[in-house]
Each structure stands twice: as structure tokens, then as C-alpha cells.
Amino acid sequence: RATQEQRDMLAGSGVGANLVPSELEAAVVEILDDPTTMRGICNVTQARGDREVAVETAIGSGGWLAEQGTISTSDVTLTQKTASPKSYGTAIAWSSLQSAMAIVNVDAYFGRAVGRTISAGLDSGYMVGTGSSNQPTGLVPALGTAAFMDLATNKGDAIIDAAHTLTPQYRAGARWMMNDTTLALVRKLKTTDGNYLWVPSDRYSEIRDGIAGSLYGFPVSVAASMANTSIVFGNIERAYRIFDWGQTSILVDPYTSASTMSTTLWAWRQTDGVLIDANAAAVFDTDAS
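In this report, the structure presented in the accompanying data block is examined. Just so it is clear, the model here is predicted, and its values are computed rather than measured. (Residues numbered from 1 in each chain as written. Predicted model: local features only at pLDDT ≥ 70, side-chain atom pairs only at ≥ 80, totals over all residues. Heavy atoms only, no water.)

Let's talk about the layout of surface pockets
Now for step 1: Approximately 270 Å³ is the volume found for the largest pocket.
Now for step 2: Residue lining of the largest pocket: 15 residues in total, with E56, Y170, R238, I276 and D277 positioned closest to the centre.
Now for step 3: Elements with a minimum of two residues in the lining of the largest pocket: β2 (51–58) and α10 (236–239).
Now for step 4: Residue composition of the lining of the largest pocket, grouped by class: seven nonpolar, three polar and five charged. (1 Å grid on protein atoms, 1.4 Å probe; cavity = no way out; pocket = protein on both sides within 12 Å on 5 of 7 lines; lining within 4 Å. Points joined across faces, edges and corners; volume = space filled by probe spheres on them. Helix = DSSP H or I, 4+ residues; strand = E, 2+ residues; numbered from the N terminus. Nonpolar A, V, L, I, M, F, W, Y, C, P; charged D, E, K, R; others polar.)

Structure below.
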């Protein structure tokens, strides 16, 4: 509980001093984020060692038979994808004075901050990771060259055409993924009469009922790491799988920097993401250049 006596515990003008002002709220105002998009959508599998995934690329064929006709052999075609552990980590340090002088629980706050950093970094890797520098190959790069979506000219027709690049089997359970800038562009599309194409239904008005909007009947997920001109449509759960090697590891080290009375919190996770069905999703680019 804050008291007037605690107000005298100010020290310095550095970064740490921001946690011990004369009148401090009992909680730090934390940055809002949504780092769980891909992990919330995709299947997450625990793994040991390199994980080999058998992926079907073609099914066999059959045919109509004459009486006592011979059935021809037709094998399915399989390929193999490999997931291997890739590490993402972060660390944060704070002094014992920050812990002692702050009214908020500094230790708990920094723990949450590190957790949010890990989550946001992982989500970016699953979405746009390059596959190099120990990164996963994210969903967008793994899908390959983006098809051009001419929103400027075709407007709503471009949305319909994009959705129908997937077969009906994959459209079941599909969603759109784009960043917020692109979503704003899509929502501003208008008819020749000046009316917005995106119109929530009367029953499920997102303003009145708080129901998230859909685009051509499919839900939209905002992925902050995607480029402004990039849109993905597909059954993301079928398309991409995430593999974990254990849980997030956390090490609190009050010893290495004990001479400066500082504590360091280290955190890392070993994970990977693999495109397992390229037929289940498609990537589009709204930029003609």
C-alpha cells in the first residue's frame, strides 16, 4: 500500500526511476497485444528430436469395371516434411532497488513482459519466418509466390475469386488472415453507389452485439506481422502445424550480476512450424507491382 513515507524513495532519472514516481499507480499500464493467433488456430504437437511428417500429395485413382474386370493398382503419393527445434529467446534485467522501491510487483510484471515478448516473437515466426537464421518457415513464405488480388479494380469480386481458389473441402473451416491496415482497406471497399461492401447482418451486428465480422462468410484473423499488401485465405489448421520441444524455459539469475544488485530473467522456447498441406491455403498480394 502506498504511503507518504514511500514518496521519499525516489532515486535518479534513469529508466528504473519511472517505476518509483511520487504517486505511482498500483499496476503498470501494459501494452496490449494479440500474440496467440497462430498457436490458437493451428494444431500444436509436442515432439522429440527431429519430427518427420508424412504428407500426402496425391491420392490413387479408380475406375469402372467390366464384369470380372481387373482392378489396376494405383498408389497414393507421399512426401516427407521435417520439423526441427528452433529457439526463440529474450531476457530482461532489473535492479534490486527497482523491486524494493516500486509499489507494483516488479518481478511479476517483468515476468509477464517476457512472456508477451516470447509469444509475439513466436507468432511472427509462424506467420512470416524466413526459414533461415534458425527461424521457422512461416505460413506466408511457405505458400510460395502470391497471386495478385486486384482489389482496386475488382473490389468485392476479387474477394469472391480468392475464396474460390480453394476447393470446397478446404473452404470448410477456412478463414482470412491479414494485418489491420489491410483489413481497414478491405472494409472501406464500396459499391458504385458509395455503399460499403462489408455490411454486418442485422442479427449479428458487430457494433451492437460485439460479434466479430466476417468476409464472404468466413472469419477474419488479424496477424500483425503480415505485410500491408498480403492476404491469406484457407483452412489454416489443415495447412500449418506447430511443433514444440517442451514448454517455455525460464531462468531467473540473481547471481551473475550480483555485484550490481541486478537480476536477469532469461526465457526461451524451442519450436518449429511446418506447412503440411499447401492445398489448404493460398496467399494473395493486393499490390500489382
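Section: helix α6 (residues 156–163)
Now for step 1: Every buried residue of α6 is listed here: A158, I159, A162 and A163. The buried residues of α6 all sit within an arc of 135° when viewed along its axis, so they share a single face. (Buried < 20%, exposed > 50% of the residue type's maximum accessible area, 1.4 Å probe, protein only. Arc of directions from axis to C-beta.)

Concerning the sheet that holds strand β13 (residues 281–285)
Now for step 1: Spatial strand order, β5-β13-β9-β6-β8-β7: six strands in an open sheet with mixed pairing. The open sheet has two edge strands with one neighbour each: β5 (147–148) and β7 (214–215).
Now for step 2: Here strand β9 (residues 230–234) runs beside β13; their pairing, made up of five bridges, is antiparallel. Residue pairing across strands places S230 opposite D285, the latter belonging to β13.
Now for step 3: Packing of α6 onto the sheet brings it into contact with β6 (175–178), β7, β8 (218–222), β9 and β13, and relative to β6 it is tilted by some 115°. (Pairing = 2+ DSSP bridges. Contact = heavy atoms within 4.5 Å. Axes fitted to C-alpha atoms, helices over the stretch in contact; angles between N-to-C directions.)

So, a nonpolar patch on the surface
Now for step 1: There is a patch of nonpolar side chains on the surface, built from I59, V76 and L78 and spanning about 310 Å² of accessible area.
Now for step 2: Residue placement: L78 occurs in strand β3 (residues 77–83).
Now for step 3: Residue L78 is classed as exposed on the basis of its relative accessible area of 53%. (Patch = residues over 30% accessible without salt bridge, like charges linked within 9 Å, V, L, I, M, F, W, Y side chains within 5 Å. Areas by Shrake-Rupley, 256 points an atom, 1.4 Å probe, with all protein chains shown as cover. Salt bridge = Lys/Arg side-chain N within 4 Å of Asp/Glu carboxyl O.)

What to know about the pairing of β13
Now for step 1: Counted residue by residue, β13 has four buried out of five residues, so it is predominantly covered.
Now for step 2: Relative to β13, β5 runs parallel, the two being bridged by two bridges. Of the residues in β13, the one forming a bridge with F148 is D285.

Considering the pattern of salt bridges
Now for step 1: In the structure shown here, the tally under the stated rule is four salt bridges.
Now for step 2: Taking the shortest distance from any N to any O, the salt bridge between K86 and D272 comes out at 3.0 Å. Residue K86 is located in strand β4 (residues 86–95), and its partner D272 is located in strand β12 (residues 262–275); the two are separated by 186 residues in the primary sequence.
Now for step 3: According to the relative accessible area criterion, K86 is buried, its value standing at 14%.
Now for step 4: With relative accessibility at 2%, the residue D272 sits in the buried group.
Now for step 5: Overlapping salt bridges bring together R39, D244 and R269 as one network.

Points about helix α8 (residues 180–187)
Now for step 1: Within α8 the residues assigned to the buried category are T182, L183 and V186. The buried residues of α8 occupy an angular sector of 100° when projected down its axis, which confines them to one face.
Now for step 2: For α8, the capping residue at the N-terminal end is N179, with a side-chain oxygen 3.1 Å from the backbone nitrogen of T181. (Polar contact = N/O pair within 3.5 Å; in protein donor to acceptor, adjacent residues only side chain to side chain.)

Some details on the side chain of R171
Now for step 1: Note that R171 resides in helix α7 (residues 168–171).
Now for step 2: Buried R171, no salt bridge; nearest opposite-charge side chain is D161, N-O distance 10 Å.
Now for step 3: When residues no more than four places from it in sequence are discounted, the contact partners of R171 are A163, H164, L166, F218 and F233. (Lys, Arg positive; Asp, Glu negative; His and termini not counted.)

Points about the side chain of D277
Now for step 1: With respect to the element layout, D277 can be found in the loop between β12 and β13.
Now for step 2: Here Y170 takes part through its side chain, which lies 2.7 Å from a polar atom of the side chain of D277.

Details of the environment of I59
Now for step 1: By the secondary structure assignment, I59 is in the loop between β2 and β3.
Now for step 2: Residue classification places I59 among the exposed positions, given a relative accessible area of 62%.
Now for step 3: C-alpha separation for the pair I59 and S74, spaced 15 residues apart in sequence, amounts to 8.4 Å.

Some thoughts on the packing of aromatic side chains
Now for step 1: Inspection of the entire model under this criterion finds three aromatic pairs.
Now for step 2: Pairing Y216 with F218 gives two aromatic rings, centres 6.2 Å apart and planes at 55°, and the pair type is tilted.
Now for step 3: By relative accessible area, which is 40% here, Y216 ends up partly exposed.
Now for step 4: With a relative accessible area of 14%, F218 lands in the buried category.
Now for step 5: Their ring planes at 80° and their centres at 5.0 Å tell us that F218 and F233 sit as a pair that is edge-to-face. Within this pair, whereas F218 is found in strand β8, its partner F233 is found in strand β9, the two being separated by 15 residues in sequence. (Phe/Tyr/Trp six-rings, centres within 6.5 Å; stacked < 30°, edge-to-face > 60°.)

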